[in-house]
Amino acid sequence: MKQKLLRYNKILILLAFTLLSSLQLMAQQSERLTLTGAPSDLPGLFSFIQEKYGYRFFYNNDVIKPDAKVTFTSDQMTIQELIRELSSKTGLSFRVMENKQIVVEEPGKQNNITVKGTVLSGTDNQPLPGVNILSKGTTNGVMSNIDGTYEIKVPSNSTLVFSFIGFTQQEISVSGKNIIDVTLDENIQQMGEVVVTALNINRSKSSLGYSVTSIKGESLNQAKENNIINTLSGKVAGLQISKTATGVDGSSRVVLRGISSLLGDNRPLIVVDGIPVDGGHSGGDRWGGTDRGDALSDINPEDVENISVLKGAGAAAAYGSRGANGVILITTKKGSLKKGLGVTLSTNYSLETPMLFPEFQDKYGHGAFGTYPTTVPDGGFPWGWSYGPEMKGQVLPNFHGSTSPYSPQPDNYRNFFQTGHSLINSVAVEGGSESSSVRASVTTQNSSGIVPTNDLKRQTINLRGFTKTGDILELDGKVTYIHSKVDNRPGVAEGATNPGYMLSIMPRNMNDDLHTYMEDKNGNEQLWTMDSYTANPYWQLYNALNNDEKHRLQGVFSAKVIISPAINVVVRSGMDYTNSSGHSQTSRGSRANGLYGYVGNSLSNGMEWNSDLLANYSRKAGKDLSLTFSLGGNFRYNNYKSISQSGDNLRINDFYAISNCANYYTSEGFSEKAVVSAFGLGQVSFKDYLYFDYTLRNDWSSTLPAENNSYFYHSENLSFLFTNAFNIPTGVLSSGKLRGSYAKVGNDTGPYNTQQYYYVNQTPLPYPMGSFSSVLASLDLQPEITSSWEVGTNLSFLSDLFTIDLTYYQNSSNNQIMDIPLPPSSGFSSQRTNAAHLKNKGLEVQLDVSPLKSQNFTWDLSLTWSKNKSTVESLYGDMESLILEDSWIATIQARPGEEYGVIYAWDYKRDKYGRKLIDNSGYSQKGEYKKMGTMNPDWIGGFSNRLSYKNFNLSFLVDMRKGGNVSSMGKAYRGLFGTSKESAVGRDEWYATHDPQYNYATPLPGVEEKGYVEEGINETTGKTNTIPVDPILRWYNIWAKEIGTEWLLDATNIRMRELVLSYSFPKKMISNTPFSDVQVSFAGRNLFFFYNAMKDIDPESGYSSGNTGGGFEHNAIPSLRSYGFNFKVSF
Amino acid sequence: MYKAKIFYKMFRRSLLFTVILLTVGISSCNESLIDMNENPLALSELPDEYLFTTGVRQIMRGDIGDYDLRFNSQYAHIYVTNSEMRASDSYKDFHTQDIYRFMFENNYINSLRNINEVVSLTAEGKYENPVRNAIARITASVEFARMTDLWGDIPYFEGAKGLDNILYPKYDRQEEIYKDIISQLKNAIGVLEKADPSMGYAGADPVYDNNLGKWAKFANSFRLRLAMRIRFADPAYSAGIITECMAHPFIEWNNENFGLKFQESENSELYNPWYDIRKHQDWKMSDKFVEWLKATNDPRLEILVDTTKAGEYKGYLNGINDQATSQYQWTDFSAPKPILYSKSQPRNMMTASEVWFLRAEAALFNLAPGNANELYQTGIRRNLEFWNVQPAKIDNYLNTQPEAALNGTTENKFRQIATQMWIAFVPDFTEAYSNIRRTGYPVIPQRTDSETFSLGVTNGILPKRFKYSSSEYRTNKANVDIAVENQGPDLIDTPVWWDVRD
């Protein structure tokens, strides 16, 4: 049955091709001319045919002899047959052009004529100087004079191309005319910016009813990031990108216009050259794991021509359910239609250094209660902390069984890290003719991270070809192969393999010995404590290893058959295939991850195959109305297979073969899914100011129950250019547009969610073992529905000196398919069902200013700003809250009536004035469990500045985030373990006034007690608290009472995101070299903070790129600052 | 113009064709779409024995890390740790309820979900089988009883019945749970005592290898345990049940113990789960336990307790506070002997020894016939046999040690029985702890010296129960609230229903 579906897919494509090519042939051969009664002289014959059949003949009078006569063998023939006969009888050549025009020429003779004329602007009928006039397909061209006139010598049958920036290009066939006057129409709205929209249809931006941001690939290439999406940060209003701090090739959290699916995927759909690619991501979680990057990091920035960000469902309804979170459309370069071969070489080298380090105290080392542990390695909790005696170089027993001076090691955290570097080389060759182009590129990347042994190697090969056959067929194909291999991705969060964690909590006197003596005499891991959750970060570096490798093949082939200027059919089929393997291993002797050694291997294949057929028809109805209409279908098939094996208890240590494991386990995975869609879309435009677009679509998904598996949805978009409609003078307001959009999009779910499944367990036991899922299946799932609307305006002032783009949107998602937690006492952890209603609304602003534009000096500024608010309208029944993510110190929740992603935690006990109430022992107390913050920013913004002087370009981007919180486990742990700067407060005083003999538990007689004095009010007396406590107990107290207040940080920051200085060598300078273009640029990314409320922690230090990623930080490795240079030559 | 018309016609025709193709295609492949959603690696039903083995093993192996080690080994004053698991020994109720949540969830979501599915599969329909149903009900009862002992009121009648669409189960009174289990066990004994073995779990019974007689004996012995446990809370009812139990055979020998057998293997599924727990090497024997064995010349001392480097038996004090721990050199104390976590040690949830002690107690209080001292000594003998103590040493202990023979007042004799049970339960720490709560023996005095000890949230008194799961508060609050109203505040010092003896 499944095979049948696949076959169906193939048949569909085949059929479409056959159908189209035969249509075309039939059309060409169909019309027969009747020549009965035609005059026999040529001019007479020509006008006879013109009158009767509409064919027009163009010729110079001196080509045709007036007495030349022809007679035909038949009275009935097609135009081809006629021309063949005419040609053989007169010796003239005939060329059939578009629109039934036939050019008659004398073979071998260039019939050059002189064409003159005036070019006028359609806006005000004034002459246009500087217009480029080119004979099509040649380099022969002139420019119009100050009075708009021009004169050019061209063949009488050629076509002139009139182009001028800001105006619509026009092509006019010379057809023997000597005077051609042209009126060029001004291209409204950002100089007629053409953007790529859904289904890869190029559209004038002004005709769109929704918000689109388009970014040129060039601007992303100078300051490269491993993951191309990161370079969009701050450049697109409404797009929130948060990096994770998880090593090279880490993933990024990408959200457009807020979270709309409570527990589902909220990443925008990624479409490369018309084919959706798997945008999946894998990250760690609270308990550890590694971040294995996301699909976006596989896209080679060098190959990108353009990125269009289609926001909101209205823009994306054509992609069906997956477009509901917006679409990022990536168009790759396809080479240009010009003669010759071009080669571009580019080299990019960058260095990466840690941007921020946590602030540590450097006075007190290993121990607790001011005392060095009685044994080292210590017994654990709390003796492995940094609450020991003051470090004064005293010689003490150390963890590896000898003695050493006990002294501060202020650099013991940062010394672990190295300088990362990245080298990206790329060669692109492109060549073409008038009708074909081909582009091939090879890119290699070698990067190493700041964590030693963590590195990445990636090679990308990209081949793209384009050809058109006459004006009938356009073929476009692309194959991309990506290979990447990453070694030793560091662990995250609570995982023992997270070096950031272990370095944060290790005693402040730990020195190089930790590295030198990482193994004991038995080869086992050696560290300062016996605590079984702690690890030696150096031992882990060499003994807990992982690597993963990915082969990814993407191919797309499309054919466009132009049946007539009004009708074309596009067939496209594309595939994204990923083969991944992963390996991890731990040697024997690890305390934290299994004493006996471990090996794990996995292999998976994922495939998505999309085929679609789209027939387009456009026509003008009358003078003012034009219509386009498209009908199409899509077939999507996803398939995922995996095999994994793991084993533990290595028989021979450091030999990582499964056969060497005493115990081993295997598992397999399989899932597949198909969606069949039929859709229609169209546009109606009235004059040049009113555009209406609509999309209708029905999907049939394999993942929903039979009775609910078909669902219909639609979108409508309206764009109104009021400055054109009311002929508003362009003096101040150069152009103005109002737009609106409404969309409703349905969504399905993953495979196998519609029934309860039972499994047979793999077991070495001599009896049968089985199990079934603890997620209770729902038998009547309905499709999810997201509806959204937006209104916006684009205004441009003073000849585009100043443009503003404003959008307000709302979207509402209902009926979400999600796992609703059940009481565990039901026996089930959750039920998969339709629930929850989530609403988003927001405002996006983009402001572009070009204050200076002269020949040598230009200055452009742009500002993006956006604000989004997601509200959880309801969950399920009277469910009060849904925990989205939790840690020891806080939870991220969804609660009806509140924002998505509110952070709940225990607060201090407070009086009605908000002052902390301190108990009689001097400790703060646990108060209410309440909303303490939110993971969402109040707003985000970017400010970019581009200055160019002659061949120099300087640009920088500052991005900003206001508000929102991050709950930092890192900070909490560093407080608890006594390594943070704050944890030293009060220690001097406490130890000075207490008796060392009893671990400073009792005060020295006759001395006033001093120590850590909690700020607040004494609960009984109502007076300011003055009771000192032992600092270790102060920090332990708030930890044990799980009070989260202190760890909830404000994520507000202003960051120098990007700075690029580039220089293009002047053409004159390189004119006698083989180079056609030489460019050098220096770029810095993530350079510094103008302001960072979190001080020693980067707000972008999350351990996961999931929905709640970024809301929690857990001892992340430092975030990165990079400096690099880029060198690019073309010849 | 004519030509364009033809184009247009052809286009319309091709459109029509496409639409027809799509429509036909879609309707014909709708069937395939539906088929595609069948998971090839899963089944839509499973014979009950597959889930029975899973459920039984989950009950026997599950949660020793949290239940038995983290809480009950320390509450029972047999083990002590210096890791962060010390919080329970410090009588703290945990800085997060996650630990209680994990324990509560693991039972309902794993063992009870599986075993309840077996109960419902075997009750009627394709897999209907009264014998298997009886075995499944006994097994489920073991888990429910253990949970109600630790939490008090829990969802029982509606618990783990999500497949019957009971998604928000009510909490039931412990008294009702006990009485229902006791009556379920009676029915099960009735079925099993005259059952045809071919109807049992031949080839799929990890506990008794389909020996239905042993299942019946266990059900009866287990019923006796439950009756004894509630004898202070409802003496009349308890007495009646004990009388009923006496009419049926009990577990008498160690080869009838209710438990899982393990083997020396490198595969963790085949060996004793305690073996892995031991990778946390930060456990010592409790001072209370070691001192008692020493004082009574117990032959189990050298079997269960390791010597220190200095060659002595020295237990660590339970409940020492963080600051005071530095006064004690951790390595100077006795660790548990490897036999407690050796790979081939069985994991028992009821042993013959306990049943003899229960019978001794019943005889002592005239609830059943028999010589209390003989029954008591048989109980001790069975446990010593279990640990492979040489017969001569057993005789010597029974004949020379005053504690090994009942003496003194009835209360003293009761203390002796309860104390021997405490030792005999090792390493079933959960039962050891419940028995301390029921009998008050061995006496765990209130901690008062806050300089040395942590008094926790109970003011130094041994905790009496576990707190409810935080996830139940989130998802089933109305029902938890009723339980709290019935039972008392959801604190660790609120006693459960049967815990009435001071």
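Residues numbered from 1 in each chain as written. Chains lettered and ligands numbered in written order. Predicted model: local features only at pLDDT ≥ 70, side-chain atom pairs only at ≥ 80, totals over all residues. Heavy atoms only, no water.

### Concerning the overall build of chain B
Scanning chain B for helices and strands turns up 19 helices and four strands. Oriented by its inertia axes, the alpha-carbon framework of chain B measures out at about 120 × 60 × 50 Å. Within chain B, buried positions represent 62% of all 502 residues. Across chain B, every contact between residues at least 6 apart in sequence was considered, and the portion connecting residues at least 24 apart equals 76%. (Helix = DSSP H or I, 4+ residues; strand = E, 2+ residues; numbered from the N terminus. Buried < 20%, exposed > 50% of the residue type's maximum accessible area, 1.4 Å probe, protein only. Contact = heavy atoms within 4.5 Å.)

### Comments concerning a nonpolar patch on the surface
Residues and elements named next belong to chain A. Among the surface-exposed residues, Y349, L351, Y949, F952, L954, L1059, L1061, F1082, Y1123, F1125 and F1127 lie close enough to one another that they form a single nonpolar patch of about 950 Å² accessible area. Secondary structure elements with two or more residues in the nonpolar patch: β22 (340-354), β52 (952-962), β58 (1053-1064) and β61 (1120-1130). Ranked by residues supplied to the nonpolar patch, first place goes to β61 with three residues. Considering the arrangement of structural elements, one finds L351 in strand β22. Classification of L351 as partly exposed rests on a relative accessible area of 34%. (Patch = residues over 30% accessible without salt bridge, like charges linked within 9 Å, V, L, I, M, F, W, Y side chains within 5 Å. Areas by Shrake-Rupley, 256 points an atom, 1.4 Å probe, with all protein chains shown as cover. Salt bridge = Lys/Arg side-chain N within 4 Å of Asp/Glu carboxyl O.)

### Here we look at the confidence of the model for chain A
Across chain A, the average pLDDT comes to 86, with 93% of residues at 70 or higher. Ignoring residues within four places in sequence, the model shows residues 17-29 of chain A, a span with pLDDT below 50, making 22 contacts including any to other chains. (pLDDT = per-residue confidence, 0-100.)

### Quick notes on the packing of aromatic side chains
With the rule as written, the count across this model stands at 74 aromatic pairs over all chains. With a centroid separation of 5.4 Å and an interplanar angle of 80°, the aromatic rings of A:Y372 and A:Y406 are classed as edge-to-face. Remark: A:Y406 occurs in strand β24 (residues 403-406) and A:Y372 occurs in the loop between β22 and β23 (394-397); sequence separation between them is 34 residues. Both residues of the pair, A:Y372 and A:Y406, belong to the buried class. Taken together, the ring pairs connect B:Y67, B:F71, B:Y75, B:Y100, B:F104, B:Y108, B:F144, B:W151, B:Y156, B:F157, B:Y433 and B:F466 into an aromatic cluster. Seen from the ring of A:F360, A:R508 lies directly overhead, with NZ or CZ sitting 4.1 Å from the centre. If you follow B:R447 out to its NZ or CZ, it ends over the ring of B:Y91, 3.6 Å from the centre. (Phe/Tyr/Trp six-rings, centres within 6.5 Å; stacked < 30°, edge-to-face > 60°. Lys NZ or Arg CZ within 6 Å of the ring centre and 35° of its normal.)

### Quick look at the interface of chain A and chain B
At the interface, 109 residues of chain A touch 94 residues of chain B. Carbon and sulfur atoms make up 64% of the area that chain A and chain B hide from each other, which totals about 9000 Å². In terms of surface lost to chain B, no three residues of chain A exceed A:Y758, A:P824 and A:S825, which account for 8% of the buried area on that side. If you look at where chain A meets chain B, you find two salt bridges. Across the pair B:E266 and A:R651 runs a salt bridge whose closest N-O atoms are separated by 3.1 Å. (Buried area = accessible area lost by both parts, 1.4 Å probe.)

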